[in-house]
Amino acid sequence: MQAIDLLLTRRSVKPQDLIEPAPDGVDLDRILEAGIRVPDHGKLSPWRVQVIRRQGQDVLGDLYAQLFVKEHGERASQAQIEAERQRPKRSPLLLAVTAHPEREHPIPVLEQHHSNGAMCMNILNAAHALGYAGNWVTGWASRHPAVKQALGHDEETEIVGFIHLGTAKEAPEQRPRP
């Protein structure tokens, strides 16, 4: 596949439509290596990636469910609680991407954030190039202090997103583009 064809055929696949196999070993290493080959003015590496496998996804899912109950109380239905428990487990592999900008540096923080976004996109493109599929999501959990803490970060850390990876159950549909 030529590079332009790769870019023109990449589609986001809903996390729940991602199945095994997920990238692992050499493929995952290559995807992450491609992820960091982004514009990084000042060589600051303002991003970090955490690989969250099934056991970690289970722990994160239990936390999501607890937080949902805590914040919604009796209004939370069992179906909603279970949906939140499943949120980080919808795909075979989950990546948490966090921003770590150097605020006291001549390189503007905005440029450092752009590097984070480019990294996420490179991860998705590299996964596609190797025959996998993915989806980059944020949502309430990416902003919740308890989720950040569970992932080993302080409240100031920004979760740029969670990237779900796996193999598409079926080819994603084309969607209208501007």
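A quick note: this is a predicted structure, and the numbers were derived from the prediction, not measured.

1. Looking at the overall build of the protein
Counting its secondary structure elements, the protein contains 6 helices and 5 strands. Secondary structure elements of the protein, listed N to C terminal, follow the sequence α-β-α-β-α-α-β-α-β-α-β. When the 178 residues of the protein are sorted by exposure, 40% land in the buried category. Here the contacts in the protein between residues at least 6 apart in sequence split such that 78% fall between residues at least 24 apart. A total accessible area of about 10,300 Å² is found for the protein, and carbon and sulfur atoms account for 52% of it.

2. Some remarks on the nonpolar core
Core analysis: the biggest nonpolar cluster contains 19 residues, and Ile-31, Val-97, Met-119, Ile-123, Ile-163 and Leu-165 have the highest contact counts within it. Secondary-structure elements contributing two or more residues to this core are α2 (25–35), β3 (93–99), α5 (109–129) and β5 (158–168). If one sorts the elements of this core by residue count, α5 sits on top with 6 residues. For Met-119, the contacting residues outside a window of four places in its chain are Gly-35, Ile-36, Val-38, Trp-47, Val-49 and Val-97. Listed in part, the 12 residues of the second largest apolar core include Tyr-64, Leu-94, Ala-96 and Val-147.

3. Details of a nonpolar patch on the surface
The grouping of Ile-4, Leu-7 and Leu-8 at the surface amounts to a nonpolar patch, some 310 Å² of accessible area in total. Among the structural elements, Leu-7 can be located in helix α1 (residues 3–9).

4. Let's talk about the packing of α2 against α5
Relative orientation of the contacting elements α2 and α5 amounts to 145°, with a least axis distance of 7 Å. Crossing of α2 against α5: the hand is right-handed. Only Met-119, Asn-122, Ile-123, Ala-126 and Ala-127 of α5 make contact with α2, whose side of the interface consists of Ile-31, Leu-32, Ala-34 and Gly-35. Class assignment of the residues belonging to the contact of α2 with α5 gives a composition of 7 nonpolar, 2 polar and no charged.

5. Overview of the environment of Ala-141
Here Ala-141 is to be found in the loop between β4 (133–137) and α6 (145–150). Sequence separation between Ala-141 and Thr-98 is 43 residues; the distance between their C-alpha atoms is 13 Å. Setting aside anything within four residues of it in sequence, one finds Ala-141 in contact with Tyr-64, Val-147, Ile-159 and Phe-162.

6. Description of α2
By the burial criterion, the buried members of α2 are Leu-28, Ile-31 and Gly-35. All buried residues of α2 lie within an arc of 60° about the axis, which places them on one face of the element. Pointing more than 90 degrees away from the buried face of α2 are the exposed residues Val-26, Asp-29 and Glu-33. Taken together, the buried residues of α2 touch β2 (47–52), β3 and α5.

7. Things to note about unusual backbone geometry
Of note, the amide linkage connecting Glu-20 to Pro-21 takes the cis form, showing an omega dihedral of 5°. Here Pro-21 lies in the loop between β1 (18–19) and α2. Unlike most non-glycine residues, Lys-43 shows phi in positive territory, near 50°. Considering the arrangement of structural elements, one finds Lys-43 in the loop between α2 and β2. By relative accessible area, Lys-43 is classed as exposed at 75%. Even without being glycine, Ser-45 reaches a positive phi, approximately 45°. With respect to the helices and strands, the residue Ser-45 is situated in the loop between α2 and β2. A relative accessible area of 29% places Ser-45 in the partly exposed class.

Scoring rules and cut-offs
- Residues numbered from 1 in each chain as written.
- Predicted model: local features only at pLDDT ≥ 70, side-chain atom pairs only at ≥ 80, totals over all residues.
- Heavy atoms only, no water.
- Helix = DSSP H or I, 4+ residues; strand = E, 2+ residues; numbered from the N terminus.
- Buried < 20%, exposed > 50% of the residue type's maximum accessible area, 1.4 Å probe, protein only.
- Contact = heavy atoms within 4.5 Å.
- Areas by Shrake-Rupley, 256 points an atom, 1.4 Å probe, with all protein chains shown as cover.
- Core = buried A, V, L, I, M, F, W, Y, C linked by side-chain atoms within 4.5 Å.
- Patch = residues over 30% accessible without salt bridge, like charges linked within 9 Å, V, L, I, M, F, W, Y side chains within 5 Å.
- Salt bridge = Lys/Arg side-chain N within 4 Å of Asp/Glu carboxyl O.
- Axes fitted to C-alpha atoms, helices over the stretch in contact; angles between N-to-C directions.
- Left-handed = near helix turned anticlockwise from the far one by under 90°.
- Nonpolar A, V, L, I, M, F, W, Y, C, P; charged D, E, K, R; others polar.
- Arc of directions from axis to C-beta.

None of the figures reported here should be taken as evidence of function without further support.
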